[in-house]
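Spelled out from the first residue to the last, the chains are:
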Amino acid sequence: MVTQQTIDEHDEVLPSEDLAALRANLREQQLFRQEQLRQFAADVGSGPGEPLREEGAGRLEVHVRLAASARMVLADVEAALARMDTGGYGRCHLCRGPVERDRLLIVPQARYCARCQQVREAAR
């Protein structure tokens, strides 16, 4: 059963309907990324065993980069699901304030509120 979870010290809550929808979205993303990684592994593992030609090496590099990106997203999604289970979902990792509801609806695995995300991006 999904219940409301506190997301900041001012007793703002993420409604249970939103939380259920976000959990479902995250689970779909999790399944998609897991399948994507299985497919990348199958594609790379199905080569003929001969030395890679230039175009084969380029394709392999693309697969490696896409797989790395999929692993990063999968890790973020799984971390968000874990935060839901432990009650920390919807709280910014930097300022400890709430992550905006609209932001979570767009990026359910978001770890930072919009302000802190901008600060992080500006620092790069």
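All of these numbers come straight from a predicted model, not from anything done at the bench.

Draft legend 1. The arrangement of the pattern of salt bridges in detail. The tally for this structure, following the rule as stated, stands at six salt bridges. Between Glu 35 and Arg 38 there is a salt bridge; the shortest N-O distance is 3.3 Å. Taken together, the positions of Glu 35 and Arg 38, both in helix H1 (residues 16-45) and three residues apart, correspond to about one turn of that helix. Exposure remark for Glu 35: the relative accessible area of 40% places this residue in the partly exposed category. Between Asp 102 and Arg 101 there is a salt bridge; the shortest N-O distance is 3.7 Å. The exposed category is assigned to Asp 102, whose relative accessible area is 52%. Note on Arg 101: relative accessible area 40%, which makes it partly exposed. Each of Asp 18, Arg 101 and Asp 102 takes part in salt bridges that share partners, so that together they form one network.

Draft legend 2. A look at the layout of surface pockets. In this structure, the second largest pocket spans a volume of roughly 200 Å³. Forming the walls of the second largest pocket are Asp 76, Arg 103, Val 107, Gln 109, Ala 110, Arg 111, Tyr 112, Gln 117, Arg 120 and Arg 124. Among the residues forming the lining of the second largest pocket, the class breakdown is three nonpolar, two polar and five charged.

Draft legend 3. Quick peek at the environment of Leu 66. Here Leu 66 is to be found in helix H2 (residues 54-86). Sequence-wise, Leu 66 and Gln 36 are 30 residues apart; in three dimensions their C-alpha atoms are separated by 9.3 Å.

Draft legend 4. Fine view of the environment of Leu 105. Looking at where Leu 105 falls in the secondary structure, it is placed in helix H3 (residues 101-106). Distance from Leu 105 to Ala 21, taken between C-alpha atoms, is 8.7 Å for residues 84 residues apart in sequence.

Draft legend 5. Geometry of the nonpolar core. Membership of the largest hydrophobic core comes to 17 residues, with the highest contact counts inside it found for Leu 14, Leu 22, Leu 26, Met 84, Tyr 89, Cys 92 and Leu 104. With five residues, the top contributor of residues to this core is H2. The contact partners of Leu 26, leaving out residues within four places of it in the chain, are Val 77, Ala 80, Leu 81, Met 84, Tyr 89, Pro 108 and Gln 109. Within the second largest apolar cluster, five residues are counted, among which are Leu 37, Phe 40, Ala 70 and Leu 74.

Draft legend 6. Here's a closer look at the confidence of the model for the chain. The share of residues in the chain with pLDDT of 70 or more is 80%, and the mean pLDDT across the chain is 85. Throughout residues 1-11 the model reports pLDDT below 50, and contacts reaching past four residues in sequence, or to other chains, amount to 34 contacts.

Draft legend 7. How the structure looks around the side chain of Arg 23. With respect to the helices, strands and loops of the structure, Arg 23 is situated in helix H1. On the basis of relative accessibility, which here comes to 16%, the residue Arg 23 falls in the buried class. The contacts of Arg 23, once residues within four sequence positions are left out, are Leu 81, Met 84 and Asp 85.

Draft legend 8. Region of interest: the state of the cysteines. All chains considered together, the criterion is met by zero disulfides. There is no disulfide at Cys 95, and the cysteine sulfur nearest it, in Cys 92, is 3.8 Å away. We classify Cys 95 as partly exposed; its relative accessible area is 37%. Unpaired in this structure, Cys 116 has its nearest cysteine sulfur neighbour in Cys 113, at a distance of 3.6 Å.

Cut-off values and rules
- Residues numbered from 1 in each chain as written.
- Predicted model: local features only at pLDDT ≥ 70, side-chain atom pairs only at ≥ 80, totals over all residues.
- Heavy atoms only, no water.
- Salt bridge = Lys/Arg side-chain N within 4 Å of Asp/Glu carboxyl O.
- Helix = DSSP H or I, 4+ residues; strand = E, 2+ residues; numbered from the N terminus.
- Buried < 20%, exposed > 50% of the residue type's maximum accessible area, 1.4 Å probe, protein only.
- 1 Å grid on protein atoms, 1.4 Å probe; cavity = no way out; pocket = protein on both sides within 12 Å on 5 of 7 lines; lining within 4 Å.
- Points joined across faces, edges and corners; volume = space filled by probe spheres on them.
- Nonpolar A, V, L, I, M, F, W, Y, C, P; charged D, E, K, R; others polar.
- Core = buried A, V, L, I, M, F, W, Y, C linked by side-chain atoms within 4.5 Å.
- Contact = heavy atoms within 4.5 Å.
- pLDDT = per-residue confidence, 0-100.
- Disulfide = S-S within 2.5 Å.

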